[in-house]
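The residues making up each chain are set out below.
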Amino acid sequence: MAGRVEGKVAFVTGAGRGQGRSHALKLAEEGADIIAIDVCKNIDHVQLELASPGDLLETKERVEALGRRIVVDEVDVRDFDRMKAVVDRGVAELGRLDIILANAGIGNGGQTVEAIEEAEWQTMMDINLTGVWKTVKAGIPHMIAGGRGGSIVLTSSVAGMKAYPQMGQYVSAKHGVVGLMRSCAVELAQHMIRVNSVHPTHVNSPMVMNDETFRMFRPDLENPGPDDIAPICQMFHSMPRPWVEIEDITNAVMFFASDDSRYVTGVSMPIDLGSCLK
């Protein structure tokens, strides 16, 4: 059904590529205008190469090609003042705020809990948990003031529902997102603002499909690639697939963002090929 979010405005973090870009484009396709941010640079203590300014520009151009308006800026979710300024500017320009997608995140791992460096632990918490809190903090006042209700979707992970070894910092942050989601759901229900979380397993996106992840899963190989990690990834799941596609997460996000879920709040939805069953 087209137009599920017609006339609404969505704030999307991590919109430069991957899931964030997919969410922004789908929302635009379904009628929403967009406020989009991404850090657009690499960050200390993060192994993954992050989105570039060119990536965010491409997101902007593709949203505009769909006939929708978009406000973009290069912002780190750890910087509340800059993020609030972009949200305020976006609402002033686009007129309202109805949807918040706190999608931005990082994915380090590979060490046991006692071996994690303090700086790496803190960076994970600052982006994957505190950054999510700052995202909703920046947007909630506009949603309440609008008086139209709304939807907030927080991106957690299967690692927010179960534990994995050598990922203590990631598991801890993603579990924290669930607690934040539930707290927000309770506090905002009186305003008809729904708050839910999505919990992807491995996704065919840059977060998983990168050399660091390949080497972490297959340290026995000199130059491992996707085909080398696929059998291992499949072992995590009940259904015989190694990973889901980006659009599978976007479909779940769209359910929560639209009125299809108008009375659904406080829910953690796994998109996980049955990983949580194992």
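Parameters and conventions
Residues numbered from 1 in each chain as written. Predicted model: local features only at pLDDT ≥ 70, side-chain atom pairs only at ≥ 80, totals over all residues. Heavy atoms only, no water. Helix = DSSP H or I, 4+ residues; strand = E, 2+ residues; numbered from the N terminus. Buried < 20%, exposed > 50% of the residue type's maximum accessible area, 1.4 Å probe, protein only. Lys, Arg positive; Asp, Glu negative; His and termini not counted. Salt bridge = Lys/Arg side-chain N within 4 Å of Asp/Glu carboxyl O. Contact = heavy atoms within 4.5 Å. Pairing = 2+ DSSP bridges.

Draft legend 1. Fine view of the environment of aspartate 81. Of note, aspartate 81 is situated in helix H3 (residues 80–94). Sequence-wise, aspartate 81 and alanine 138 are 57 residues apart; in three dimensions their C-alpha atoms are separated by 8.6 Å.

Draft legend 2. Fine view of the side chain of lysine 174. You can see lysine 174 is positioned in helix H5 (residues 168–188). The side chain of lysine 174 is buried and forms no salt bridge, while aspartate 38, the nearest opposite charge, is found at 13 Å. For lysine 174, the contacting residues outside a window of four places in its chain are Asn128, Thr155, Ser156, Ser157, Ala159 and Gly160.

Draft legend 3. Region of the structure containing the pairing of strand E4 (residues 99–102). Of the two faces of E4, the one holding Ile99 and Leu101 and the one holding Ile100 and Ala102 are both buried throughout. As defined by bridge partners, strand E1 (residues 9–13) adjoins E4 across three bridges and the pair is classed as parallel. The partner of valine 12 across the bridge, within E4, is leucine 101. Pairing between E4 and strand E5 (residues 150–155): four bridges, direction parallel. Paired with leucine 101 across the two strands is valine 153, which belongs to E5.

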